[in-house]
Amino acid sequence: MVIQSIQEVTGRIAAIEAKFGRMGNMLTAKSASLSGQPASFADELQQQVRGKSASTLASAAGTAFPQQGDSIRQMVSSSAKRQGVDPKLAMAVAKAESNFDSQVVSEVGAQGVMQLMPDTARALGVNPQDTKENIEGGVAYLRQMLQHFQGDPAKAVAAYNAGPGAVEAYGGIPPYGETQEYVKRVLKFMENENEI
């Protein structure tokens, strides 16, 4: 959740305080009279941030709450480096598979950032619902496909999508529209890093 403004925060706090009803109000008022502080947490928050610029608050929020996609990108890149896979290729696969979304599940049951099928995840010994394990497993599977197809990224990516058997049967990228588009998309992402 991204917090838009201090007013939004104080509005939410006021709504929570209202839910607590009369008892919450009595406790807040009693606390205020004993300490000489503002009558509600929302008022106190407002006092604390008064005088700080919106850019300072936005900067602090950005530091405290990094975007999930950024940390996922870092995990994919680190895993790829550790496993000897080109980080650009691993990142391009993650982008094409899930757009770095750890919660996505496909119609056929592929899960997470690297869209691992349950059987593939089991074979790799990873929990596909755990983001870190999903990424480690997906990068390991990509590495296996690269090794199997002598380092050919197009064949490895096609095998990642359609399975190594399909690539072997056709001697290259299978004539499946989805797989052909997938390979083009991954290779395009790989060439244009700013799209990842």
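Each residue is numbered by its place in its chain's sequence as written, counting from 1. Whole-chain, interface and lining totals are the exception, using all residues; otherwise, since this is a predicted model, local features are given only for residues with pLDDT of at least 70 and side-chain atom pairs are given and counted only at 80 or more. Side-chain metrics in this entry use all non-hydrogen atoms of the structure; hydrogen atoms and water are not considered.

Student: An account of helix 8 (residues 153-162) is needed here, citing residue identities and associated values.
Tutor: Here the term buried applies to any residue with accessible area under 20% of the maximum for its type, exposed to any over 50%, and partly exposed to those in between, with areas from a 1.4 Å probe on protein chains only. Put simply, DSSP H or I for four residues or longer makes a helix, DSSP E for two residues or longer makes a strand, and each gets a number counted from the N terminus. By the burial criterion, the buried members of helix 8 are Ala154, Ala156, Val157, Ala158, Ala159 and Tyr160. Should any heavy atoms of two residues lie within 4.5 Å, those residues are counted as being in contact. Of the surrounding elements, those touching the buried residues of helix 8 are helix 5 (87-98), helix 7 (131-148), helix 9 (164-170) and helix 10 (177-191). Structurally, the start of helix 8 carries an N-cap: the backbone nitrogen of alanine 154 is 2.9 Å from a side-chain oxygen of aspartate 152. Within two residues after helix 8, glycine 163 carries a phi angle of roughly 100 degrees, on the positive side. Each polar contact in these results corresponds to two N or O atoms within 3.5 Å; when the atoms are within protein, one needs to be able to donate a hydrogen and the other to accept it, and residues that are neighboring in sequence are counted only if both atoms are side-chain atoms.

Student: Lay out the packing of helix 8 against helix 10 in plain terms, naming residues and giving numbers.
Tutor: To obtain each axis, a line is fitted to C-alpha atoms, and for helices this fit is confined to the stretch in contact; angles are then taken between N-to-C directions over 0 to 180 degrees. At a closest axis distance of 9 Å, the pairing of helix 8 and helix 10 adopts a crossing angle of 130 degrees. If you check the angle between helix 8 and helix 10, you find them oblique. As helix 8 packs across helix 10, the resulting crossing turns out to be right-handed. When helix 8 is examined against helix 10, the residues Ala154, Val157, Ala158, Tyr160, Asn161 and Ala162 are found in contact with a partner set consisting of Glu178, Thr179, Tyr182, Val183, Val186 and Leu187. We call Asp, Glu, Lys and Arg charged. Ala, Val, Leu, Ile, Met, Phe, Trp, Tyr, Cys and Pro are nonpolar, and the rest, Gly among them, are polar. A breakdown of the residues in the contact of helix 8 with helix 10 according to their chemical character gives nine nonpolar, two polar and one charged. In what follows, roughly perpendicular refers to angles from 65 to 115 degrees, roughly parallel to angles under 35, roughly antiparallel to angles over 145, and oblique to any angle outside these ranges. Two helices cross in a left-handed way if the nearer one is turned anticlockwise from the farther one by less than a right angle. They cross in a right-handed way if the turn is clockwise.

Student: Quick rundown of the environment of arginine 143? Include the residues and the values.
Tutor: Tracing the chain through its elements places arginine 143 in helix 7. By relative accessible area, which is 26% here, arginine 143 ends up partly exposed. Linking arginine 143 and tyrosine 160, residues 17 residues apart in sequence, is a C-alpha distance of 9.9 Å. Non-local contacts of arginine 143, meaning those with residues more than four positions away in its chain, are made with Gln83 and Val85.

Student: Describe the environment of histidine 148, with residues and values.
Tutor: When you line up the elements, histidine 148 lands in helix 7. Residue class for histidine 148 comes out partly exposed when judged on its relative accessible area of 38%. The spacing of histidine 148 and alanine 159 is eleven residues in sequence and 9.5 Å in space, taken between C-alpha atoms. Looking at histidine 148, its side chain comes within polar contact range of the side chain of glutamate 168, at 2.3 Å.

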